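Topology and contacts: notes
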Amino acid sequence: MKKLRALFIGIVAIIALLLLGAHLLNRSTGMAGAKVINIYNWGDYIDPDLITKFEKQTGYKVNYETFDSNEAMYTKIQQGGTNYDIAVPSEYMIEKMRAAHLLKKIDHAKLPNLKYIDPRFLNKSFDPGNHYSIPYFWGTLGIIYNDKFYKKSDVDSWNKLWDKKFRNQIMFVDGAREFMGIGLSSLGYSLNSKNDTQIQQAYEKLKKLAPNAKAIVSDEIKMYMSNEESNIAITYSGEACDMMANNSHLHYVIPEGGTNLWFDNIVIPKTAKNLKGAYAFINFMLKPENAAQNAEYIGYSTPNKGAMKILPKSITSDRQFYPTEKQLDKMEVYSNLGQYYLQKYNDLYLELKMYRK
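1. Section: the packing of helix 5 (residues 176-186) against helix 6 (residues 196-209)
In contact at an axis separation of 8 Å, helix 5 and helix 6 are set at 105 degrees when each is read in the N-to-C sense. The angle between helix 5 and helix 6 places the two elements in the roughly perpendicular class. Here F179, M180, G183, L184 and S186 of helix 5 lie close against helix 6, whose contacting residues are Q198, I199, A202, K205 and L206. Residues of the contact of helix 5 with helix 6, tallied by class, amount to 6 nonpolar, 3 polar and 1 charged.

What follows is the structure in structure tokens.
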């Protein structure tokens, strides 16, 4: 009898441990109730102090996960598994996610701080009316150079990258849209061209740029440029800001003929479980002092007009990161190319990465 009782107690203890483990697992994946918020964002794309501040002010617990590409983010959300309450995709991916019915419609009435967003950054083609996304950061694609080796006039347009003095010198950010876009823009074509002749012309011109490429990389550009192991690179404005903070000889240039104007927006995935928490977090990030703190930490441009009044003039008047209306008019947002042309861009880009002459 004692053995049976001991066996029974043992079984109950095991069940209790299993239930506790399941509870803890559910908490870690955001399924433990209304006080947990699951956020899916790019790496190092929010001031950690703001997460701590949000948790203290609201009582919510934030589970923060990161991704390194829009495509990786899309796949994980599409597959389900983790019920993210917040995600931060780029403009063309927002368009794709809308078409795939992966996003919840946003109730603007629950976001009183939305009034602080500059109207210039609302109602864009990838989300008319901002029914599915709220602006987070924006920026440009451009050229960063070291003034000990080059001057601004050497790099103020995409076409100058083909100069022989840059042979085996240029570092390119790894991306099909970015690389193909340089070729298209240098010819005066749209970054979203679906004209086969134009795309082929861009490809042929980019083959002639291959000898000037030192490498096609991602995060490594920061290290190479900061340490002067490379002296010219194609990168995003926020990344350039980080590099410039580490080396006073670095400068960022927006090409005169125009470039990509990109947006990263906050969305609420269709599988979100904590809508109340999601709205609380978005409204918190829209508060001008929080948006300003985040912009100073990240280095990218804020769409928050309230934050612009708080940020130092040295930041808001810097035309490298807050370009003029005339410059903005020449820029173009990436649109969703559709599966056929997206594959075409990717295939040509892979060929160019392997091409050497």
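2. Some points on unusual backbone geometry
Phi at N123 is positive, roughly 60 degrees, even though this residue is not glycine. Within the element layout of this structure, N123 appears in the loop between helix 4 (91-99) and strand 4 (134-146). A relative accessible area of 52% places N123 in the exposed class. The phi dihedral of N168 is positive, around 60 degrees, even though this residue is not glycine. When you line up the elements, N168 lands in the loop between strand 4 and strand 5 (170-173).

3. Looking at the packing of aromatic side chains
Under the definition given, this model contains 22 aromatic pairs. Between Y40 and F67 the ring centres are 4.9 Å apart and the planes differ by 70 degrees, which places this aromatic pair in the edge-to-face class. With Y40 in strand 1 (residues 36-42) and F67 in strand 2 (residues 61-67), this residue pair connects regions lying 27 residues apart in the sequence. Comparing Y40 with F67, the two get one shared label, buried. Note on F54 and Y60: the rings are 5.9 Å apart at their centroids and 5 degrees apart in plane angle, and the pair reads as stacked. For F54, a relative accessible area of 0% puts it in the buried group. An aromatic cluster is present here, built from Y45, Y136, F137, Y236, W262 and Y300 joined pairwise through their rings.

4. Focus on the sheet that holds strand 1
If you walk across this open sheet you meet the 3 strands as 2-1-3, and the pairing is parallel. Either end of the sheet is taken by a strand with one partner, and the two such strands are strand 2 and strand 3 (86-87). When strand 1 meets strand 3, the two strands line up parallel, connected through 2 bridges. When the sheet's bridge partners are listed, Y40 is paired in strand 3 with A87.

5. Considerations on the packing of helix 2 (residues 48-58) against helix 10 (residues 288-298)
Two elements in contact, helix 2 and helix 10, have axes separated by 9 Å at closest approach and are oriented at 155 degrees. The orientation of helix 2 with respect to helix 10, classified from their angle, is roughly antiparallel. Taking contact as the criterion, the partners of P48, D49, L50 and K53 in helix 2 are, on helix 10, N290, Q293, N294 and Y297. For the contact of helix 2 with helix 10, a count of residues per class yields 3 nonpolar, 3 polar and 2 charged.

6. Concerning the nonpolar core
Grouped together as the largest cluster of nonpolar side chains are 111 residues, with contacts concentrated most on Y45, L161, F172 and I234. Among the elements that take part in this core, strand 4 stands out by supplying 8 residues, more than any other. With sequence-adjacent residues up to four places away left out, L161 is seen in contact with I143, F166, I170, I182, L209, N212, I232 and I234.

7. Brief notes about the side chain of S230
Among the secondary structure elements, S230 is positioned in the loop between helix 7 (220-226) and strand 7 (232-236). In this structure the side chain of S230 is engaged in a polar contact, spanning 3.5 Å, whose partner is the backbone oxygen of Q169.

8. Points about the pattern of salt bridges
Counted by the stated rule, this structure contains 13 salt bridges. Among the ionic pairs, D154 bridges to K151, the shortest N-O distance being 3.7 Å. A relative accessible area of 12% means that D154 is categorised as buried. When the shortest N-O distance is used, the salt bridge between K165 and D163 registers 3.2 Å. We classify K165 as partly exposed; its relative accessible area is 38%. With relative accessibility at 33%, the residue D163 sits in the partly exposed group. Here the salt bridges share partners, and the residues they tie into one network are K151, D154, D163 and K165.

Conventions used here
- Residues numbered from 1 in each chain as written.
- Predicted model: local features only at pLDDT ≥ 70, side-chain atom pairs only at ≥ 80, totals over all residues.
- Heavy atoms only, no water.
- Axes fitted to C-alpha atoms, helices over the stretch in contact; angles between N-to-C directions.
- Helix = DSSP H or I, 4+ residues; strand = E, 2+ residues; numbered from the N terminus.
- Parallel < 35°, antiparallel > 145°, perpendicular 65-115°, else oblique.
- Contact = heavy atoms within 4.5 Å.
- Nonpolar A, V, L, I, M, F, W, Y, C, P; charged D, E, K, R; others polar.
- Buried < 20%, exposed > 50% of the residue type's maximum accessible area, 1.4 Å probe, protein only.
- Phe/Tyr/Trp six-rings, centres within 6.5 Å; stacked < 30°, edge-to-face > 60°.
- Pairing = 2+ DSSP bridges.
- Core = buried A, V, L, I, M, F, W, Y, C linked by side-chain atoms within 4.5 Å.
- Polar contact = N/O pair within 3.5 Å; in protein donor to acceptor, adjacent residues only side chain to side chain.
- Salt bridge = Lys/Arg side-chain N within 4 Å of Asp/Glu carboxyl O.

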